[in-house]
Amino acid sequence: LAGSFGAVWGAQHSLVERVGTIVLTSVNSGMIALVKALSSFVEERAILRRERRYYGPAPYLLSRVLADAPLDVFFAGLYGAIIHRTCNMLGDH
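Residues numbered from 1 in each chain as written. Predicted model: local features only at pLDDT ≥ 70, side-chain atom pairs only at ≥ 80, totals over all residues. Heavy atoms only, no water.

> Explanation requested: the pattern of salt bridges in the structure shown.
Oppositely charged side chains can form a pair if their charged atoms are brought close together. Per the counting criterion, the structure on display carries 3 salt bridges. Ionic pairing is found between lysine 36 and aspartate 72, a salt bridge with its closest N-O pair at 2.4 Å. Placement of the pair is lysine 36 in helix α2 (residues 12-50) and aspartate 72 in helix α3 (residues 57-86), with a sequence separation of 36 residues. The partner of arginine 64 in a salt bridge is glutamate 44, and the shortest N-O contact between them spans 2.6 Å. Remark: glutamate 44 occurs in helix α2 and arginine 64 occurs in helix α3; sequence separation between them is 20 residues. Look at glutamate 44 and you get partly exposed, because its relative accessible area is 22%. Because the salt bridges share partners, they merge into one network encompassing Glu44, Arg64 and Asp68. (Salt bridge = Lys/Arg side-chain N within 4 Å of Asp/Glu carboxyl O. Helix = DSSP H or I, 4+ residues; strand = E, 2+ residues; numbered from the N terminus. Buried < 20%, exposed > 50% of the residue type's maximum accessible area, 1.4 Å probe, protein only.)

> Any chance you could explain the packing of aromatic side chains here in plain terms?
In this description, a pair of aromatic rings is defined by centroid distance and the angle of the planes. The final tally for this structure, using the stated rule, is 2 aromatic pairs. With 6.4 Å between their ring centres and 10° between their planes, tyrosine 55 and tyrosine 60 make a pair best called stacked. Here tyrosine 60 falls in the buried class, since its relative accessible area comes to 15%. An angle of 65° between the planes, with centres 5.2 Å apart, marks the rings of phenylalanine 74 and phenylalanine 75 as edge-to-face. Taking relative accessible area as the criterion, phenylalanine 75 reaches 47% and is therefore assigned partly exposed. (Phe/Tyr/Trp six-rings, centres within 6.5 Å; stacked < 30°, edge-to-face > 60°.)

This is the structure in C-alpha cells:
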C-alpha cells in the first residue's frame, strides 16, 4: 500500500481515486478472508470437538493460520498485482 503513494504523479483527484481503490481492495480482501475462515470453521467444528482431548482451540487456530498463510499471501499478492496494473497505480511518467 505504501508503495502506491510514492508513485503518485497526477493531480489531487488522482490521489483520491488511488486511495479509494486501495480502500476498496483492502475491504474486499478482508471480506474474502473472513468468509473463508467462517465457512471452514463451521465445517471443521465437529472435528475440533472430537479431537479436543488432543489439542485446544488456540493451537488449532494457530496451526490453521500458519497453514493457510502462504496461499492467502499468494492470492492477495496476485490480486494486488492485477489491481495495480489495471488501475494504473504507478501514474503517468
